[in-house]
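The residues making up each chain are set out below.
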2 protein chains.
Amino acid sequence: MVAKAAKKPAAKKSARAPKMVYSFGGGKADGKAGMKNLLGGKGANLAEMASLGVPVPPGFTITTDVCTAYYANKRAYPKGLDDQVKKAMAKVETIMDQKFGDAKNPLLMSVRSGARMSMPGMMETVLNVGLTSKTIPGMIEKTGGNERFVYDAYRRLMTMYSDVVMEKAAGVEPKTEHDAVRHKLESELSRVKKAKGCELDTDLTADDLKKLCDTYKKIIKSTLGKEFPDDAWEQLWGGVGAVFQSWMGKRAIAYRKIEGIPQEWGTAVNVQSMVFGNMGDSSATGVAFTRNPATGENWFYGEWLINAQGEDVVAGTRTPYALNKKIKNDENKQYKSLEEAMPKLYKELVAIRNRLEKHYSDMQDLEFTIQEGRLWMLQTRTGKRTGAAALKIAVDMCNSKMISQTEAIGRVKPSQLDELLHPMVDMVEEKKHSAIAAGLPAGPGGGVGKIVFNPERAEEQGGKGEKVILVREETSPEDVHGMHASEAILTARGGMTSHAALVARGWGKCCIVGCKALEIDYAKRQMTVNGKVYKEGDIITLNGTTGKIYEGALPLIVIDPAKNKDLATFLGWCDKARKLGVRTNADSPADAKQARLFGAEGIGLCRTEHMFFDPERIIHVREMILATDDAERRTAVMKLLPYQKKDFLGILEAMKGLPVTIRLLDPPLHEFVGSLLEDEKALQDVAKATGKPVSAIKARIEALHEFNPMLGHRGCRLGIAYSAITEMQARAILEATAELTKKKVKVLPEIMVPLVGNVKELANQKAIIMEVAKEVKAKYNLKKLDFMVGTMIEVPRGALTADEVAQEAQFFSFGTNDLTQMGCGFSRDDSGGFLPLYVEMGIYPADPFQSIDQDGVGQLMEIGVKKGRKTRPALKCGICGEHGGDPSSIHFCHKIGLNYVSCSPFRVPIARLAAAQAAIANK
Amino acid sequence: MVAKAAKKPAAKKSARAPKMVYSFGGGKADGKAGMKNLLGGKGANLAEMASLGVPVPPGFTITTDVCTAYYANKRAYPKGLDDQVKKAMAKVETIMDQKFGDAKNPLLMSVRSGARMSMPGMMETVLNVGLTSKTIPGMIEKTGGNERFVYDAYRRLMTMYSDVVMEKAAGVEPKTEHDAVRHKLESELSRVKKAKGCELDTDLTADDLKKLCDTYKKIIKSTLGKEFPDDAWEQLWGGVGAVFQSWMGKRAIAYRKIEGIPQEWGTAVNVQSMVFGNMGDSSATGVAFTRNPATGENWFYGEWLINAQGEDVVAGTRTPYALNKKIKNDENKQYKSLEEAMPKLYKELVAIRNRLEKHYSDMQDLEFTIQEGRLWMLQTRTGKRTGAAALKIAVDMCNSKMISQTEAIGRVKPSQLDELLHPMVDMVEEKKHSAIAAGLPAGPGGGVGKIVFNPERAEEQGGKGEKVILVREETSPEDVHGMHASEAILTARGGMTSHAALVARGWGKCCIVGCKALEIDYAKRQMTVNGKVYKEGDIITLNGTTGKIYEGALPLIVIDPAKNKDLATFLGWCDKARKLGVRTNADSPADAKQARLFGAEGIGLCRTEHMFFDPERIIHVREMILATDDAERRTAVMKLLPYQKKDFLGILEAMKGLPVTIRLLDPPLHEFVGSLLEDEKALQDVAKATGKPVSAIKARIEALHEFNPMLGHRGCRLGIAYSAITEMQARAILEATAELTKKKVKVLPEIMVPLVGNVKELANQKAIIMEVAKEVKAKYNLKKLDFMVGTMIEVPRGALTADEVAQEAQFFSFGTNDLTQMGCGFSRDDSGGFLPLYVEMGIYPADPFQSIDQDGVGQLMEIGVKKGRKTRPALKCGICGEHGGDPSSIHFCHKIGLNYVSCSPFRVPIARLAAAQAAIANK
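Per chain, the residues get numbers from 1 upward, laid out in the order the sequence is written. In the order they appear in the text, chains get letters beginning with A and ligands get numbers beginning with 1. Local features in a predicted model are, by the rule used here, given only for residues with pLDDT of at least 70; side-chain atom pairs are given and counted only at 80 or more, and totals for whole chains, interfaces and linings are based on all residues. Excluded from the side-chain calculations are hydrogens and water; all other atoms, namely the structure's heavy atoms, are used.

Attention now goes to the overall build of chain A. Of regular secondary structure, chain A possesses 37 helices and 34 strands. The principal-axis extent of the C-alpha atoms belonging to chain A is close to 105 × 60 × 55 Å. Partly exposed residues are those whose accessible area sits between 20% and 50% of the maximum for their type, while under 20% is buried and over 50% is exposed, using a 1.4 Å probe and protein chains only. Across the 923 residues of chain A, 58% fall into the buried class. Any two residues whose heavy atoms approach within 4.5 Å are treated as being in contact. Across chain A, the fraction of contacts at a sequence separation of at least 24, relative to all contacts at a separation of at least 6, is 68%. Put simply, chain A shows about 37600 Å² of open surface, and 52% of that area lies on carbon and sulfur atoms. The secondary structure listing takes helices from DSSP runs of H or I that are at least 4 residues long and strands from runs of E that are at least 2 residues long, numbered from the N terminus. Reported accessibility uses the Shrake-Rupley method at a 1.4 Å probe radius. Residues are deemed covered only where the shown protein chains occlude them.

This part takes up the interface of chain A and chain B. Counting residues at the interface gives 46 residues for chain A, matched by 47 residues for chain B. A buried area of about 3900 Å², summed over both sides, lies between chain A and chain B, and 55% of it is on carbon and sulfur atoms. In the sections that follow, a salt bridge refers to a side-chain nitrogen of Lys or Arg positioned within 4 Å of a carboxyl oxygen of Asp or Glu. Taken together, the links from chain A to chain B amount to 2 salt bridges. The shortest N-O distance in the salt bridge between D853 of chain B and R797 of chain A comes to 2.5 Å. A 3.5 Å cut-off defines polar contacts: any pair of N or O atoms within that distance qualifies, except that in protein one atom must be a possible hydrogen donor and the other a possible acceptor, and neighbouring residues in sequence count only when both atoms are side-chain atoms. Counting every contact that joins chain A to chain B gives 30 residue pairs in polar contact (both at pLDDT 80 or more). Those elements that provide at least two residues to the side of chain A that touches chain B are α28 (716-721), α30 (759-780), α31 (796-800), α33 (816-824), α34 (835-841) and α35 (857-871) of chain A. Values labelled buried area give the accessible surface lost by two parts on being combined, using a 1.4 Å probe and summing over both.

Take the nonpolar core next. To form a nonpolar core, buried Ala, Val, Leu, Ile, Met, Phe, Trp, Tyr and Cys residues must be joined to one another through side-chain atoms within 4.5 Å. With 272 residues, the main nonpolar core has F570, M861 and L898 of chain A together with F570, M861 and L898 of chain B as its most contacted residues. Excluding residues within four positions of it along the chain, F570 of chain B makes contact with L391, A394, V395, A408, I409, V412 and L913 of chain B.

Residues and elements named next belong to chain A. Any pair of Phe, Tyr and Trp rings, taking the six-membered ring for Trp, is counted once the centres come within 6.5 Å. Such a pair is stacked with planes under 30 degrees apart, edge-to-face with planes over 60 apart, and tilted for the rest. For the coordinates displayed, the defined rule picks out 44 aromatic pairs over all chains. An aromatic cluster of three or more residues is present, and its members are Y70, Y71, Y77, W237 and F244. Over the ring of W247 we find R256, and its NZ or CZ is 3.9 Å from the ring centre. Here, over-ring charges are defined by two tests on the NZ atom of lysine or the CZ atom of arginine: distance to the ring centre within 6 Å, and angle to the ring normal within 35 degrees.

We now examine the pattern of salt bridges. On inspection of all chains with the given rule, the structure shows 112 salt bridges over all chains. Ionic pairing is found between E735 of chain A and K645 of chain A, a salt bridge with its closest N-O pair at 3.0 Å. Pair noted here: E735 of chain A is in helix α29 (residues 723-742) and K645 of chain A is in helix α24 (residues 641-654), with a separation of 90 residues, a long-range link. In this structure E735 of chain A comes out as buried when scored by relative accessible area, which is 3%. Residue K645 of chain A is classed as buried on the basis of its relative accessible area, which comes to 15%. Across the pair E429 of chain B and K432 of chain B runs a salt bridge, and its minimum N-O distance is 3.1 Å. For E429 of chain B, a relative accessible area of 24% corresponds to the partly exposed category. Salt bridges sharing partners connect three or more residues here, namely R634, K645, E727, R731, E735, E739, E775 and K779 of chain A.

What follows is about helix α1 (residues 36-51) of chain A. An α-helix turns once per 3.6 residues; consequently, residues spaced three or four apart project the same way. Residues and elements named next belong to chain A. In this analysis, the expected span of each helix is defined as 1.5 Å times one less than the number of residues it contains. Here α1 contains 16 residues, and its C-alpha end-to-end distance of 15 Å is more than 12% below the 22 Å for a straight helix at 1.5 Å per residue. When the local axis directions of α1 are compared, the greatest deviation, roughly 80 degrees, occurs at K42. Judged by how many residues are buried, α1 sits mostly within the fold: 13 of 16 residues are covered. Phi for G53, located one or two positions after α1, is positive at around 85 degrees. The term bend refers to the angle at a residue between two fitted axes, each drawn through seven residues, those ending there and those starting there.

If you rotate chain A by 180 degrees and push it 0.2 Å along the axis, it lands on chain B with an RMSD of 0.4 Å. Overall, the copies show the geometry of a two-fold rotation axis. Distance from the rotation axis, computed per C-alpha, reaches its smallest value in chain A at N708 of chain A: 2.0 Å. Here 100% of the contact residues of chain A are again contact residues in chain B; the copies associate through an equivalent surface. Only residues with pLDDT of at least 70 in both copies contribute their C-alpha atoms to the least-squares superposition of the copies.

Glancing now at the pairing of strand β1 (residues 21-25) of chain A. In the case of a regular strand, side chains alternate between the two sheet surfaces. All names here are of chain A. Counting buried residues in β1 gives 5 out of 5 residues, a clear majority hidden from the surface. Burial of the side chains of β1 extends over both faces: V21, S23 and G25 are buried on one face and Y22 and F24 on the other. Two elements, β1 and strand β3 (residues 59-62), share 4 bridges in a ladder whose sense is antiparallel. By the bridge assignment, S23 is partnered in β3 with F60. Two successive antiparallel strands, β1 and strand β2 (residues 28-29), enclose a turn made up of 2 residues, where G26 displays a positive phi of approximately 65 degrees. Two strands pair if DSSP finds at least two bridges between them.

This part is about the sheet that holds strand β20 (residues 510-513) of chain A. All names here are of chain A. Across the sheet, 8 strands lie side by side as β15-β25-β24-β17-β18-β19-β20-β16; this open sheet has mixed pairing. Strands with a single pairing partner mark the edges of an open sheet, and in this sheet they are β15 (437-438) and β16 (440-443). With 3 bridges joining them, strand β17 (residues 446-452) and strand β18 (residues 468-472) adopt parallel strand pairing. Paired with V452 across the bridge in β18 is L470. Along the sheet, helix α17 (residues 455-463) makes contact with β17 and β18, crossing β18 at roughly 175 degrees. As a rule, the C-alpha atoms of each element are fitted with a line to give its axis, helices using only the stretch in contact, and angles between N-to-C directions run from 0 to 180 degrees. The sheet contacts of helix α19 (residues 499-507) involve β16, β19 (488-491) and β20, and relative to β20 the element is tilted by about 165 degrees.

Before going further, it helps to spend a moment on the sheet that holds strand β22 (residues 526-529) of chain A. Residues and elements named next belong to chain A. Here 3 strands make up an open sheet; going across it, the order is β21-β22-β23 and the pairing antiparallel. Edge positions in the sheet fall to β21 (518-521) and β23 (532-535), since each of these pairs with one other strand and no more. Neighbour-to-neighbour, the strand axes of the sheet open up by a mean angle of 25 degrees, direction not taken into account. Pairing analysis gives 4 bridges linking β22 to β23, with the strands arranged antiparallel.

A few words now on the environment of K87 of chain A. Position of K87 of chain A relative to the elements: it lies in helix α3 (residues 81-96). Sequence spacing of K87 of chain A and L356 of chain A is 269 residues, and the spatial spacing of their C-alpha atoms is 29 Å.

Rendered as structure tokens:
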């Protein structure tokens, strides 16, 4: 997007022009905090602060409407703006008793952006506007002859202005980054410093800076073909135009896309009188948080620098000092805190801190400047914080009655809670390293360990207490033992719902998948990443929250959620607020117990196929699959009964008193035998066990191959074609139920028939289950056996005919993974070729496998719930797809009236929070 | 199902019992033709005939309600039935002046089934009921001492009765078929004939038969442990019970399942006085059709036998004589026709024929018996007929004002029309041969030719005029030239919608797929079928209508539809009646022209991918796919432009004046390159053409492999990721349009974007097309370019969000193949493992890939049409899936208000008929 320079507005006065400029300062303001849409966050807060009597440098805000009009009108300003700006400037001049562009008593201004939502670093700022050959002498006089200060300010203005206004906003595109004007000016500064043998800018004399300013002017002219403007008002309008231009800059557009900020919002422009923290040792500048943004502790937290401007604190060129004694650290303990250096001003600042936090009822991020002993507040805004801090602040503020429980619930983002539940890579340390590669962030948190390329060795070394990271092309159910023993998992292939991703999330384990840069050589036990070789045993660090991979060990930050009382308190509030139940997806007693600790109210999805991969059992599974007639199949299947029964005894007992939804066998049979074609030994074992020739086994395996296994012979289609499977599974579940019932353990199994698209499929399977139930009741001499039979709604036809399906189903569970695959026609395994592009192009707002496609797949869910409840008003409806742990999907589930969501154990707390937020939002 | 013997009804009289027995005979009847539901087809027609004054042997019908009550009441008869039967019998006795069970003047009765719809051979019959030791002497006396006749009748009664009543209805299950009572009795008959040295039953003397009857009684007693009943009434009730029992017999249940006859309908029982065609040379029996059921010609057509019973005509043990001189054939020309042998009776029969056909306004199937010079009509019913006959009779009857055009349209089944459009295997000859194997009937009609296993050789030999049948494991788009050159296609794998099936149906070519018995050895050029080897060059015959395969050449019957004036007349009537438009699916000018001849009103689906497989082009397609950047891809794609433009010039011109829907590229790219992995030469060619190393090409091909290609990177997802493809295709279509427009040829292209699930996908593709349109208009200096842009609705999400999609789409075409795959979650390529079972189990009433699943997929279509037209009321909606040629699907399309259906050229006439029938049915 090539931007045209903004035209200067017509000076012609228009009596009817709407209010486009809002003044603030001197203890009053035209605007207020509630006017963020019009004034942007910064402008609204400046107005609010001014009204509160907080000392704010006076200024004015040009509204976001002007930005919108500017773009609607081919980048021209609306009529009357010029006039309103002049009037507002006059007010500032009155308050400051200075005059903009005046030779004797010049007023300098800053020009800053300010959108409705903060977009840090995305838009432009110009400081020291108003310094010209005409005003410089007056400025020097005003500062008591501080030439050094004035030329330093002038240098800064020229650097910013030439970059932001004359180059970027004018659409000049430097050929290389060395050709950029800012680069040239900074090189010149370095050159001068080097020539003078000094290290810091402050080491340069007034004369050095004066000369530098002259050189700067020449460089600007030669680089951009234009003179640096020497008129205060021209500078001002240039700055305003640059801010508006920057709203449509590449960086801003990209950021808005990520954050979902609409383009129509526009930005406001804040023009504010300059105050200087660099006017000598009675001047200073600083940034502060009203509470610790990392931990949430209720201490005033911040940094400052004496004789400096704001950018110096942020830029990292000087080590900032601590705001008070309490928060000094190793790096700044030798410097005086503001509390020590300027105790009176510090006290004033603390009072403002208290006033602002109380006023906004939230932790604030403050910017202040002290100019020659006078404190000015430049900004207040809601402070960004870590997950731990968000939780602590919310709980503390609620406990001290600053906010209600409902407000507290709204103060913690589900993603922040996620941080608390996993070891995280230390962000400060992480910034110091470059990632060697990146993949998809499939399992959050951090992991450090030795690379191991094989699940057996991972299990062996992990068993010895070594921290290992399993690195594979992709994983399969047969790798599960090695995955479990590893700290983290890294794969070269697969997407966010690949096997590795699903399993890792289920365990709350750090996992990165689809890292295409990895070239793995299993034979040599090494991988090559962008040309560099990593051997088995080399240590790497994964950041599963971002998908980045680092060489060596980075420090991890671990918070033990079990010991966090605030977490328990907070989730308690969430539980009171929410309507949706929260269950978990768990396939083992261990997972079930873990999930109970996290607050799961039942199991929403217990997959039974994972149980089949145990080495003791897989041979019988394979016998079953390779059987050539029903009798042979039945014999093989029934060998699995004792194992399955033991599984269910464990899980049902672990979840006693809570419902457990058990899904009958789902995957295509090929999954259990496909690997045999590449494993001669296993193939021989099977041949021995079944007494069948290897050639016949191979032929059968090949016959099971499907073109589109996703839509093939799986789900209830298996149980219908091979009824013995359903019979065995039903018997295992119901005998386990009967035995526990006899022992007075209250268990509530819900048998779930998968992939039902037609009520007759369910009727067929239910009949088998009910027949088994009759036999089990007789066998255990029980009058009653508590269980339900329901189905997964995951085929579009199942949702569309839910009224019929509900005639047989006692509950529905939406399998939104498959419903998305079929509803949208996306194979999740193959969507890598187009889905990222679709999200990038905005065809879908988000990956529909991560967040429910509410317009499409959501319609099927709504139809399913409505039609199902038409037939059976009390029909229990839940969701057990991956979406059950996604906050925006949870909101949707609340809206359409589901009874519960089910997610992986580590996402249960997040789901509890999201469900509470959904209930509050829909009140 | 083990049947209990029916209990004899209680004799107690019940005054309130409903009417359960309807009498007929003597010129009047209680019932009439309209009472088929209650009296069954046969009973209603007997009543109707009696009322018409046709000489019908008197009798009575026990209603279907009694059958229902019988099964509802544990196989007991309702109260009062006994009484009503006795009264009805008394009426018969009065008319016949004979008495049932009377020693002196005995009356004999037949007991026959009669359901609402004819179920030929599925249920039981007992004749000669009432012959006992008491009545035999009287019977002998009545027949003037014809002992031979009476004992022959007695033998027949015993054979039928012991089999039907004493064995089958009683639920006795013989261990082997040799233990069945009928087998034993028939063996005895053979033994006696052999011992006497005679060939025919009629050669046996009265004494022989009398002795045989004694032996029969002993065999019955020893086999079934019961005496043959010697009481007339006991025989009668036994017969009635056996008919009711047979309604739930295995054969009847299986038949009902196939024909979709509900079990609740039940059968009636017809008890009718016996008349005998075997009482000497003045007696005879015969069957007749009022018109020729094979050709439809308006000649009285039938066969008769002198001195015989009905079963003799049907059984084939004696060669039946022709009814009249005109229809004598080589086999019966030496025998006198009825016209010659009994001219007076023949005249009487002709009068009855005329009366009945006029009365029923349809061709009738008659049964008659002449007893000692007196004509009796035993049955009249609507005659079954071939497709050719159905058409001719409908047109003739309409032309002679017997029926209206609307009625005529209803008289031809769409499947009968299908017969007319293909060469058919001669059914008479086919019956004499056993099939060597069977597969799925994928392309109807018959085909005879030499086996060829390779498409190149098929093309070569076919090009020389040889008739060849291409036999393959399965076919791919690269085999198309060989398929085209063949008479018929046979594959070992694939389903009804496999490539071979789709292509063959498109061409109206005979095709059998998924014939699992074939073991093909390409290297040896032979196949083994159930152990027998067939070499290339061996001749086989395929019946693509039934799926059967025969060794050698069977004769084919060919009717040229183009020369059939009746067909043109008939379809003209259909066109007047129908509301739905009928288009065709055609990918070439030749197909387009063929379809126009069949009455297509446009092309509903022109697939463009088939055009890519031409050897000249495929290399550029592969270059495009293997391109590593956009520029390279664009260069390769644009090489295809002249070819595609030529394609579209041809097709658009062939369809001038009619709309042509052209679908943009749809299949996953792997389809164009997958075969390279097994074709080293082609791989080298591609390496040469692209300048890429073979290893890189292989890697790219492997990367294109998808787990579920059906849901992968295909359809508009290709055009979105690689916009050059869409641009090239749009340019080819629109430049062809522009050139033809310049030449004053009226063309109406409709550009169809496939696989749209989200309006934004369509918007993206439409923008490219509209941009190209602008350029083309400028290039050709045209003010206007007539074309539309629309989409295929084939993803469930597309249907669900049709209101949004219609904002961009100017038309919808339902792609019901894919909509079924995704809506039901069935991969059509993999459904062989469970879908046949599903249809067998009644989970789906029919294969949803053949006939639209109206409850599920149909809902998506309805939603699509409704929501689409909400946004764009005039939205043109059609269907282009395989279902567009299926009559029941066409009815559904009419019902939901589609504008047109589109089907393969050879199904166009069928669609015209089905559309007319749908319009009539929904009036």
